[in-house]
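Secondary and tertiary structure notes
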Amino acid sequence: MTSVTPTITERWRSWRGVLGALAAIVLAATAIVLFSGTRNGGRLDVEATTPQGARALAELLRAQGVEVNQVTTFDDAIEQAEGSLLVVARPEFLVDAARLAELAGRPGPRLLIAPTEPVLRALAPGVTARPGSTETVREPGCGLKAAVLAGNALVGGSSFTDATCYGGTVGVVGDATLVGSGSFLTNGRLPENGNAALAMNLAGAHQRVTWFAPRAPLGTPEGGQKSIAELIPANVGWFVWALVVAVLLTALWRGRRLGPVVEERLPVVVRAAETVEGRGRLYRARAARDRAALALREAALARTTPRLGLTATAGENEIVTAVAARTGQDGGRVREILYGGVPAGDAALVALARDLDTIERQVRDS
Amino acid sequence: MALTGRAALLAVAGALVVLAAPAPAVAFWLVLGVIVLAVGVDLALAGSVRALRFERSDDQRVRLGETAEITLLVANPGRRRVRGLLRDAWPPSTRPAPREHALDVPAGERRRVTTTLRPLRRGDFTAAAVTVRALGPLGVAARQGSHQVGGRVRVLPPFLSRRHLPGKLARLRAIEGLNPVQIRGQGTEFDSLREYVVGDDVRSIDWRATARRADVVVRTWRPERDRRVLIVLDTGRTSAGRVGVDPASGDPSGWPRLDWGMDAALLLAALCARAGDRVDFLAYDRAVRAQVSGGGRGDLLPGLVTAMAPLEPELVEADAHGMVAAVLARARRRCLVVVLTDLNATALDEGLLPVLPQLSARHLVLLAAVADPRVAALAAGRDGAAEVFEAAAAERQRVERRQVTARLRRHGVEVVDALPGDLASALADAYLNLKAAGRL
């Protein structure tokens, strides 16, 4: 009689290897993420080295002596916009009309990449965008110096009123330079055609660049409507966490067995008649009516001949005559049933079985 | 450790508090703290499970179909009361009840816990583990631990055919000429002479005694005693096939041929022992699985059921050569060898038939097999093509069975082929017939 539940020390001893391995894996993963070269980030993020990022352009600009500062909040953007080129890289995240107006109040050149309606209204008043031409390599087709020097480039997206270059997708209106799509600025597309030259010409015109690329929507859309998440009281969030704890405790309560599962070596369960059933199905699958009929006839004869007073050595004629005499059936028919050919179909086989039964019964009862 | 429903209830109540509280974050952490504290207090103050001492009654034997009461003595040498649940785990086939017991052992005291087993099948069963869950004073959390406490139950064959025993013994006495009806009053002068009754063989009339008395007197012969009977049980693959209906549980998937064979062997052994014959038992497939040498007459049956209890069908082809060798090694004098096996044409063709002459040359061989009522039912099927094909297959098997029976009889082997419920009785009758005929 011994306790089979391990003590805390034994449990620690058996689990420490697993826990150690887990800790090592987590540490290694953290180290790899921290020290690896790749930086993830959003589209047109100057830190991002993914094909969608803009690190390459930023590095090129810095090599030319241009100071590139990335900002992600309105406050920083408003503060640094003065005296530098403001590149609005993620206009879709700028939804706070009041802050946009505040930003527009700061004078200075702007480069608007695929601007949305509110951004256009605030930073390039009077310009409207027409949606939707596909991104393709186009010729400049205008007098803008930056475009002419760059040559063919991958542009597209929205086209703007008062914009003349690349089919209306790139243009300068007042302080603002408008670009229909930002694909040609990305790490992936920068080396193609004149993309790099166009990007450098547009963004490198000033000594300082303030790269405004938020990573999440800033502010709420106009009208000041609150999202559902803000309307829910804080109690509910904590209530949900408390419920999670309750569910966890319930799972622990219900999931704990009173003792281990008991194993048992069970005997095989095989019905002795399975071989017979299997053979029957095999007969049927192969349509072995000849063998089936033979077996039925042999069995019927083996049961009938002793009742007729005949021995096992009795011949066919002898048996047929005796059966016909006992049952009163026609001799030819009795011969057909007891010694006839193979039944033509399944129905004939069933009929033969019934006929054999009839003969057997008549012999037994007579 | 283990949690109880109260811990979950506490958490749900805490969640409602968090919902209503003015400072939900604080309330959440407070509730969590209260739960952790309650669990900690319970774990710290619960009685020690590890310190418990267990004692079990001795190994038990029970006939299949009866119940076994397993008693477990729980002693608590610790300083704190142990209150909670106890589970005495046994293999599922023994159907232990109740599954868990309420337990309350004050410090320094002992309590008795009784589990009832209703085994479903024959064999040896070992207790798995005793698990105790000791609740803390708050009933929120419990300590839990398992102990390995020995304990074994041997489930013996049920010996259902013992109901045939009185009838067979009456026939035995008739054969021995000791039937009390035929004995005159108490003052009978001659033990071995009795009055002639209609039906007695006229050749057995003792004319000298008849001349001395008014009545016709016959001389009775006691049948020979102290013959040897060797019962051989085939535990090979054919013995695993299930036949008939399980009489212990009513399971329609049937009872293994092995168990039907054991039932018949027990009746035969009981009868032989009363008839004054010496019974040996051998279970064989590719090796000797069990053997009993009929020593003292009184403890023959207990020895037999004990030897049979742990036998299981082995899923291997039986080795007929080895079996015959084992039989010949054990039976030096001429004896009756009763082989309980299956009349399977292919298995016998390749196994027993070639080596049977060695056995039947020196001994009288009686082969007993259980017939499958399902085959008879299949043979009568006429409902459709599928049934008729199965009927043909069943007839084919019955023909093969008849043929192999005929071949065995040509070898001088007695064959008993009976339905599951009748096998024991038929085998006993075959033995009595041999005894009456003086062929032993």
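Residues numbered from 1 in each chain as written. Chains lettered and ligands numbered in written order. Predicted model: local features only at pLDDT ≥ 70, side-chain atom pairs only at ≥ 80, totals over all residues.

1. Quick notes on the overall build of chain A
Filter applied, for reference: The way it works is that DSSP assigns letters per residue, a run of H or I at least four long becomes a helix, a run of E at least two long becomes a strand, and they are numbered from the N terminus. This radius of gyration counts C-alpha atoms alone. The globule rule is 2.2 Å times how many residues there are, raised to the power 0.38. Contacts here follow a simple rule: the backbone-placed C-beta atoms of the two residues must lie within 7 Å.
Per the secondary structure count, chain A includes 14 helices and 10 strands. At 46 Å, chain A has a C-alpha radius of gyration far larger than the 21 Å of a compact globule built from 366 residues. Projected onto its principal axes, the C-alpha coordinates of chain A cover approximately 130 × 75 × 45 Å. Partitioning the intrachain contacts of chain A with sequence separation of at least 6 by distance along the chain shows that 63% fall at a separation of at least 24.

2. Here's the deal with the packing of helix α9 (residues 234–255) of chain A against helix α1 (residues 5–20) of chain B
Cut-off, in case you're wondering: Axes here mean lines fitted to C-alpha atoms, for a helix over just the part in contact, with angles spanning 0 to 180 degrees between N-to-C directions. If an angle is under 35 degrees, it is roughly parallel; if it is over 145, roughly antiparallel; if it lies from 65 to 115, roughly perpendicular; otherwise it is oblique. Under the grouping applied here, Gly and all other residues not named as nonpolar or charged are polar, the nonpolar ones being Ala, Val, Leu, Ile, Met, Phe, Trp, Tyr, Cys and Pro and the charged ones Asp, Glu, Lys and Arg.
Relative orientation of the contacting elements α9 of chain A and α1 of chain B amounts to 175°, with a least axis distance of 8 Å. Taken together, the axis directions place α9 of chain A and α1 of chain B in an arrangement best described as roughly antiparallel. Between α9 of chain A and α1 of chain B, the contacting residues are N235, W238, F239, A242, L243, V245, A246, L249, T250 and W253 of chain A on the first element and G5, A7, A8, A11, V12, G14, A15, V18 and L19 of chain B on the second. Of the residues in the contact of α9 of chain A with α1 of chain B, the class split is 15 nonpolar, 4 polar and no charged.

3. So, the domain arrangement of chain A
Quoted interface sizes are often the accessible area lost when the parts come together. Counted only if it meets this: Domain boundaries shown here were taken from an automatic or database domain assignment.
Its domain assignment divides chain A into domain 1 (55–212) and domain 2 (279–365). Computed over C-alpha atoms only, the centres of domain 1 of chain A and domain 2 of chain A are separated by 100 Å.

4. Brief notes about the sheet that holds strand β16 (residues 241–243) of chain B
The strands making up a sheet associate through backbone hydrogen bonding, with each pair oriented either parallel or antiparallel. Heads up, the rule is: For two strands to be treated as a pair, DSSP must find at least two bridges joining them.
Across the sheet, 3 strands lie side by side as β10(A)-β16(B)-β17(B); this open sheet has mixed pairing. A single partner strand is all that each edge strand has here, and the edge strands are β10 (270–271) of chain A together with β17 (255–256) of chain B. Pairing between β16 of chain B and β17 of chain B: 2 bridges, direction antiparallel. Its bridge partner being in β17 of chain B, R242 of chain B is matched across the sheet by P256 of chain B.

5. A look at the interface of chain B and chain A
Facing the 68 residues of chain B at the interface are 49 residues of chain A. Broken down by element, the side of chain B that touches chain A gets its largest block of residues, 14 residues, from helix α11 (residues 385–410) of chain B. A breakdown of the residues in the side of chain B that touches chain A according to their chemical character gives 38 nonpolar, 15 polar and 15 charged. Two strands pair when backbone bridges link them, and strand β1 (residues 2–3) of chain A and strand β11 (residues 141–148) of chain B are joined in this way by 2 bridges, in the antiparallel orientation. Note on β11 of chain B: the bridge partner recorded for T2 of chain A is Q148 of chain B.

6. Describing the nonpolar core
For clarity, the cut-off: By convention in this section, buried Ala, Val, Leu, Ile, Met, Phe, Trp, Tyr and Cys residues joined through C-beta atoms within 7 Å make up a nonpolar core. Backbone-placed C-beta atoms define the burial measure: a residue is buried with 20 or more other C-beta atoms within 10 Å of its own, exposed with 12 or fewer, and partly exposed in between.
Ranked by size, the top nonpolar core spans 148 residues in total, and within it L296 of chain A together with I231, V232, L268, V337 and V338 of chain B carry the most contacts. With near-sequence residues (within four places) excluded, L268 of chain B lies in contact with I231, V338, L427, A428 and Y431 of chain B. In this structure, V46, L94, A124 and L154 of chain A belong to the second largest nonpolar core, which totals 58 residues.

7. Quick notes on α11 of chain B
Worth spelling out the cut-off: By definition here, a helix of n residues has an expected span of 1.5 Å times n minus one.
With 26 residues, α11 of chain B extends 37 Å between its outermost C-alpha atoms, agreeing within 8% with the 38 Å of an ideal straight helix rising 1.5 Å per residue. Residue G412 of chain B follows α11 of chain B closely and has a positive phi angle near 85°.

8. Structural notes on the domain arrangement of chain B
Residues and elements named next belong to chain B. Entries for chain B in the domain assignment read domain 1 (1–156), domain 2 (186–219) and domain 3 (224–436). Between domain 1 and domain 3, the residue contacts involve 9 residues of the former and 7 residues of the latter. Among the elements that make up the side of domain 1 that touches domain 3, the one with the highest residue count is strand β12 (residues 152–156) (3 residues). For the side of domain 1 that touches domain 3, the residue count by class is 4 nonpolar, 2 polar and 3 charged.

9. Considering the environment of V88 of chain A
All names here are of chain A. Assignment of secondary structure puts V88 in strand β3 (residues 85–88). Here V88 falls in the buried class, since 28 other C-beta atoms lie within 10 Å of it. Distance from V88 to L27, taken between C-alpha atoms, is 38 Å for residues 61 residues apart in sequence. Excluding residues within four positions of it along the chain, V88 makes contact with R110, L112, I113, P115, V119, L123 and F212.

10. Some thoughts on the sheet that holds strand β22 (residues 414–418) of chain B
Residues and elements named next belong to chain B. Pairing within the open sheet is mixed, and its 6 strands lie in the order β19-β18-β15-β20-β21-β22. The two strands at the open ends of the sheet, each matched to only one other strand, are β19 (288–293) and β22. Taking the axes of each pair of neighbouring strands and ignoring which way they run, one obtains an average angle of 15° across the sheet. When strand β15 (residues 228–234) meets strand β20 (residues 336–340), the two strands line up parallel, connected through 5 bridges. From the neighbouring strand, L230 faces β20, where its bridge partner is V337. Contacts from helix α7 (residues 320–330) reach β15, β18 (278–284), β19 and β20, with the element oriented near 155° to β18.

11. Here we look at the pairing of strand β8 (residues 110–117) of chain B
All names here are of chain B. Across 8 bridges, the pairing between strand β4 (residues 68–75) and β8 is antiparallel. Paired with L72 across the two strands is V113, which belongs to β8. Pairing of strand β6 (residues 96–97) with β8, which is carried by 2 bridges, proceeds in the antiparallel orientation. In the sheet register, P96 faces β8, and the bridge partner there is L117.

12. Topic: the confidence of the model for chain B
Residues and elements named next belong to chain B. Selection rule: Scored between 0 and 100, pLDDT is the confidence that the predictor attaches to each residue.
Put simply, chain B has an average pLDDT of 88, and 94% of its residues get 70 or more. Note that pLDDT drops below 50 for residues 179–190; the model gives that stretch 8 contacts with residues more than four away or on any other chain. In the predicted assembly, ipTM is 0.74 and pTM is 0.71.

13. Thoughts on the environment of L85 of chain B
Here L85 of chain B shows up in strand β5 (residues 82–89). The exposure class assigned to L85 of chain B is partly exposed, which follows from the 19 C-beta atoms found within 10 Å. In contact with L85 of chain B, not counting residues within four places along its chain, are L258 of chain A together with E100, A102, L103 and R133 of chain B.

14. So, unusual backbone geometry
With an omega of -5°, the peptide bond running from A97 of chain B to P98 of chain B counts as cis. A positive phi angle, close to 45°, is found at A114 of chain A, a residue other than glycine. Looking at the element boundaries, A114 of chain A is found in the loop between β4 (110–113) and α5 (117–123). Phi at A287 of chain A takes a positive value of approximately 50°, unusual for a residue other than glycine. As for its placement among the helices and strands, A287 of chain A is situated in the loop between α10 (274–285) and α11 (289–307). Given 13 C-beta atoms within 10 Å, A287 of chain A falls into the partly exposed group.

15. Considering the packing of helix α2 (residues 55–63) of chain A against helix α7 (residues 195–203) of chain A
Residues and elements named next belong to chain A. This is how it is decided: Handedness of a crossing follows from how the near helix is turned relative to the far one, being left-handed for an anticlockwise turn of less than a right angle and right-handed for a clockwise one.
The contact between α2 and α7 brings their axes to 11 Å, and the two run at 60°. As the angle between them shows, α2 and α7 are arranged oblique. Where α2 crosses over α7, the handedness of that crossing is right-handed. Two secondary-structure elements touch here, α2 through L57, L60 and L61 and α7 through A196, A199, M200 and A203. Tallied by class, the residues present in the contact of α2 with α7 amount to 7 nonpolar, no polar and no charged.

16. Focus: the pairing of β4 of chain A
All names here are of chain A. For clarity, the cut-off: Crossovers are described as right-handed under a simple rule: with the strands pointing away from the observer, the path leading from the first strand over the helix to the second runs clockwise.
Here β4 shows two buried faces, one formed by R110 and L112 and the other by L111 and I113. The pairing of β3 with β4 spans 3 bridges and is parallel. Along β4, the bridge assignment pairs L86 with R110. In terms of handedness, the path from β3 via helix α4 (residues 97–104) over to β4 forms a crossover that is right-handed. Pairing geometry for β4 and strand β8 (residues 176–179), over 4 bridges, is parallel.

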